[in-house]
Amino acid sequence: LTILGLESSCDDTAAAVVRQGAAGTEILSSVVLGQSDLHAAFGGVVPEIAARAHAEKLDIAVRRALETAGVTLARIDAIAVTAGPGLIGGVLAGVMLAKGIAAGAGLPLIGVNHLAAHALTPRLTHALPYPYLMLLVSGGHCQLLTVRGPEAFTRLGGTIDDAPGEAFDKVARLLGLPQPGGPAVEREAAAGCATRFALPRPLLDRPGCDLSFSGLKTAVLRQRDMLIAEQGGLTRQDRADLCAAFQAAVAEVLAEKTRRALAASAAPALAVAGGVAANAAIRAALERVAEDAGAAHVAPPLRLCTDNAAIVAYAGAELFRAGRHDGMDLAARPRWPLDSAQPALIGGGR
Ligand code: ATP
Ligand code: FE
């Protein structure tokens, strides 16, 4: 089974060819054309600019993915495309191109939920059976899900405000560290003392698996301003100590909520994905949670945790095997919660 995947839901234009055989899944090609240079001057992703860039670059990505894989469309069995959630202009560009290719080449079309693609990634790289608990921790997401099948997810909790990566980025900005903030904060934290500043552990005193990170960021801001008021600025050590305290708080909150979710789901394995999983302190805390619960721990390589089309093609392959395919009325969905039966529709649909 050879699947062409397309991804354009945020600021990466991506195409990939994935082959599934008896020996497992092989990524034949994975092309990611980033747009960060286009958005850099605006301090964030500009939806209109992203949509136009996707429209311009998608077919280049597809051509390159086919070339690198050494296949033509005649060798492709189905086309998988991210149909949401995401920035609507980009998702529409991907869905339209996928429909065009599917119609032109007479291929089945499969709409993939972008979050499902992230959540299924551990199965692309590991022989991981269902069910498993998935912690998605990135710049845009923070969710705890029981994954029971390619379309069967139960959401146990998630952030009620910022995603952890977003909080890392904001804390880095507060302390004058470079972006992306996560790696910068982790570097500083290595020389810091995590107990000098007492930061809150948001929502830890409440039952359930929901998380919150915006208060933590505000607490760092308050400490910073107090230090500035007292001593006129921050020393290198102040900065390191604040980073260490913040990182320890995030790790502790993530670990405790994951521990609860693992107990609630009774899943035999914990999978972690998303850019924040690159953080060694957080990863270690989560590994300990899995170990204490007697659960396996799976973390796909980081290059597959950030946005790419190989994970979309892989999710498409699972859906295709399960008999799912979509028609030319496949809708682009800006919002598409993983466990909702009735996603919001835009631009057609059923
Ligand atoms: P999404 O894919 O959910 O829309 P995204 O593309 O921003 O969001 P990723 O690319 O998965 O997410 O991750 C990027 C985020 O991960 C950034 O916020 C970055 O600061 C954070 N991050 C990267 N490395 C580390 C690290 N070592 N420690 C903490 N955070 C990190
Ligand atoms: Fe993503």
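On a predicted model such as this, the values are computed, not experimentally measured, just so you know. (Residues numbered from 1 in each chain as written. Chains lettered and ligands numbered in written order. Predicted model: local features only at pLDDT ≥ 70, side-chain atom pairs only at ≥ 80, totals over all residues.)

It is worth spelling out the packing of helix α2 (residues 47–69) against helix α3 (residues 88–105) at this point. Helices that pack against each other are described as a pair by the angle of their axes relative to one another and the distance between those axes. Look at α2 against α3: their axes get within 7 Å of each other, and the N-to-C directions meet at 20°. Taken together, the axes of α2 and α3 lie roughly parallel to each other. The element α2 and its partner α3 pack so that their crossing is right-handed. Facing P47, E48, A50, A51, H54, A55, L58 and D59 of α2, the residues of α3 in contact are G89, G90, A93, G94 and L97. Residues of the contact of α2 with α3, tallied by class, amount to seven nonpolar, four polar and two charged. (Axes fitted to C-alpha atoms, helices over the stretch in contact; angles between N-to-C directions. Helix = DSSP H or I, 4+ residues; strand = E, 2+ residues; numbered from the N terminus. Parallel < 35°, antiparallel > 145°, perpendicular 65-115°, else oblique. Left-handed = near helix turned anticlockwise from the far one by under 90°. Contact = placed C-beta atoms within 7 Å. Nonpolar A, V, L, I, M, F, W, Y, C, P; charged D, E, K, R; others polar.)

Listed under "binding site: Fe cation" (unreviewed entry) in the UniProt record, and renumbered for this structure, are H114, H118 and D307. These annotated residues cover 194 residues of sequence, and their C-alpha atoms all fall within 8.9 Å of one another, placing them together at a single site. Locating H114 in the fold gives a position in helix α4 (residues 114–125). Using a count of 26 C-beta atoms within 10 Å as the deciding quantity, one classes H114 as buried. Contact partners of H114, with chain neighbours within four places excluded, come to S9, T82, G84, P85 and G86. In this fold, H118 is placed in helix α4. The exposure class of H118 is buried, given the 26 C-beta atoms found within 10 Å. If sequence neighbours within four positions are ignored, H118 has contacts with L136, A273 and I311. (UniProt positions renumbered as here; feature names shortened; annotations may be inferred. Buried ≥ 20, exposed ≤ 12 C-beta atoms within 10 Å, placed from the backbone.)

Lining the immediate surroundings of ligand 1 are 22 residues, of which G139, G140, G165, G182 and G275 lie closest. Of all the elements in the fold, those that place two or more residues in the shell around ligand 1 are α5 (164–174) and α6 (181–189). Grouping the amino acids of the shell around ligand 1 by side-chain chemistry returns seven nonpolar, 11 polar and four charged. (Near = placed C-beta within 6 Å.)

Attention now moves to helix α7 (residues 214–231). With 18 residues, α7 extends 26 Å between its outermost C-alpha atoms, agreeing within 8% with the 26 Å of an ideal straight helix rising 1.5 Å per residue. Within α7, burial applies to L216, K217, A219, V220, Q223 and R224. Projected down its long axis, α7 shows its buried positions confined to an angular sector of 155°, all on one face. Exposed side chains of α7 directed beyond 90 degrees from the buried face belong to R222, D225, M226, I228 and A229. Tucked into the core, α7 has its buried residues touching α5 and α8 (236–265). Once α7 finishes, G232 follows within two positions and takes phi at roughly 80°, a positive value. (Expected span 1.5 Å × (residues − 1). Arc of directions from axis to C-beta.)

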